[in-house]
Structure formats: C-alpha cells, structure tokens
Amino acid sequence: MEGIQHKFINVNGLNMHIAEKGEGPLVLFLHGFPELWYSWRHQIVYLADHGYRAVAPDLRGYGQTTGAPLDDHTKFTIPHVVGDLIGLLDAITHEGEKVFVVGHDWGAIIAWNLCMFRPDRVKALVNLSVAFMPWNPNGNIAEILRRDHGDDHYMTRYQKPGEIEAEFAKIMSLETFMKKILILRDPGPLLIPKGKGFLHSPPGVPVTLPPWLSEEDIEYFASQHEKAGGLTGGINYYRALYLSWELTSAWRGAKVMVPTKYVVGDMDVAYYMLGADKYVTSGEMKKDVPLLEEVVVMEGVAHFLNQEKPDEINKHIIDFIQKF
C-alpha cells in the first residue's frame, strides 16, 4: 500500500511484524483491539510524506507478529508489551534517540505506560481515545466495570479463556465481528449478553459500512486475525488485566512526564468509561500528566477516530509533533 514496507524484527522472543515508510524523526504508532498496524494506514502515508519515519507494529498476539503463547494470557501484561516496544526501539533506533509515540485504544494504554516507565525513550505523545488511568487501589479495570455494569459488560465477558471466542464463532464470522465493532457509535457501555452477540448490533442485523470503511478493509482485518489464530491474542490483554494491575502497583501515584496531546471523539465509548470524561475536563488528568498541552474533543466522532477522520487526526498529530 502506497510504498509501505514490511519487516520482521526479533524482539523479546517474538518475531514482530512492522509496517514502515519514510525517513526522518521516528513516529511509533500503537494500535488497539481488535486492530492491526493497518489501522494506521492513513497516518503512515501522511507522516512519511511530511518528513517522518512512520513505524507501526502488529503488537504481541496480533496479525503477523508471532511467538506469543496464545494459550497463556499471563504473557500479555502491560510490562510484557512495553518491554516488546523497548526491544523494538533498541533494534530500529540509534542509541539515545527519542521517538514520537501515537496510541489508540489499547495502544494508548500501552503508550501511557511506556511514557511512565521509560520517558527517556519518548520525545512527545499523542494519544487517542483512552485517557490516562492512574493505578487504582480499588481494583483492576475489569473488576470495577463488572461492579458498575454487570456480567454482560464486554470486559467481563472476555475474562474466561476460550469462552467468548467460541460464542462469537457460533453466531458470526470474523468479518461480521469486525464490521459490528468498527461501526460502534453508541457511547454507552458495550454489552454482550450471553449467546446474543453485541447488544448494539445483534446477530442477523445487517451492517451498512460507513464511507470511511470498505469491504476490502474488513477482509484484511479478518484474514489477518484468522492467520493469527483468531481474536485470542487481543482478548488476552483483557484477561491479563488483574496481573497487569498487580505488576504495575509500584507506579501508584506516578506521573507521565512527557509532552502530551490527547484527542477523543464525543461518541467514543472509552471517553465515558470509569468517568474518564469528567477526569479529563475537570483538569484532574492534567495533575497526573503535568505536560499535557492539548485536549481535543471531536464532535460527532466515535471510537475508531484515526480511521473515521484520518485527515483531521493527521493534522492533530503533525501540528503537535512539529513543535519538538
């Protein structure tokens, strides 16, 4: 696609697939669930055309990156994935080189933690969708969301190994799953009643793709997930939430000391999760991210904003990183 090169890097016992284009300061793009490097296709081309080296990996358990044990979710913690990225940066950067980081969804969670653990490796951060979440002594995210929204909440449904994958396989194809998740525009809790699929788009309800998403895009996502063994790799991040919570307790009260821009859509389910919208707009996030320079809430935009509004996101990214 438009001159994007594909390489494989040995990282932490993984054979990590990266998509890359351009020369100049490095911009590392981190995708979320259930996505791939491909989610950044528009940004890779744009940043490369504007004098940057854009690199987007398939994260541990996703796409063409191999080597992670899909049957062991304890190998999908935040420290594991941040460690993968440090190994990747060691392999593709010069000693002492700092990079720009752009994250979305789970990629944003990983990016917040990368900046908190290793600010020496990051020049500036642009995070999309998921706000910073300080370590919570009351429990991990999945536990809190179950208390708030019950057993049908998607994070609760993802916890038991193999269960949700088997359920999805009975009621929809990977193509249909990708369509139903990518078109989500309901900012309320994402619920998956047992045996009934997504509450916002039940099985049998046809999906009309928006103009920004093609059948070819869906086919690429689905085929890559199928080659990777299905959705288990990505779902394992949710199953490892409790262990991630335990392993990151030493960073209780820690701050993200990297220049940051945060962009979210006002139709994004993640923006209203655990009161994130109030945390952001009240100024509380600025206390935990002291170098937060900009917050942008995009009107009428949903969760997959980097694909839904690529031109606007491209501009938000480059306007910020050009300051450094």
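Residues numbered from 1 in each chain as written. Predicted model: local features only at pLDDT ≥ 70, side-chain atom pairs only at ≥ 80, totals over all residues. Heavy atoms only, no water.

For this particular structure, what's the right way to read the side chain of Q307?
Its place among the elements puts Q307 in helix α13 (residues 305–308). Looking at Q307, its side chain comes within polar contact range of the side chain of E35, at 2.9 Å. Once residues lying within four places of it in the same chain are set aside, the contact partners of Q307 are E35, S39, R41, L182, W212, L213 and F221. (Helix = DSSP H or I, 4+ residues; strand = E, 2+ residues; numbered from the N terminus. Polar contact = N/O pair within 3.5 Å; in protein donor to acceptor, adjacent residues only side chain to side chain. Contact = heavy atoms within 4.5 Å.)

Would you mind showing me how to read the environment of I317 here?
With respect to the helices and strands, the residue I317 is situated in helix α14 (residues 310–321). Owing to a relative accessible area of 0%, I317 belongs among the buried residues under this scheme. Excluding residues that lie within four positions of it along the chain, I317 makes contacts with F29, Q43, L47, V102 and V126. (Buried < 20%, exposed > 50% of the residue type's maximum accessible area, 1.4 Å probe, protein only.)

What am I meant to see in the sheet that holds strand β7 (residues 260–265) here?
Sheet strands pair via backbone hydrogen bonds, and the direction of the pair is either parallel or antiparallel. The mixed open sheet is built from eight strands, whose spatial order is β1-β2-β4-β3-β5-β6-β7-β8. The open sheet has two free edges, formed respectively by β1 (5–11) and β8 (292–298), since each of these has just one partner strand. Recorded for the sheet is a direction-independent mean angle of 20° between the axes of neighbouring strands. Where strand β3 (residues 26–30) and strand β4 (residues 53–57) come together, three bridges link them in parallel fashion. Looking at β4, one finds that V27 is bridged to A54. Contacts from helix α1 (residues 41–49) reach β2 (14–21), β3 and β4 within the one sheet, and its direction differs from that of β2 by about 55°. (Pairing = 2+ DSSP bridges. Axes fitted to C-alpha atoms, helices over the stretch in contact; angles between N-to-C directions.)

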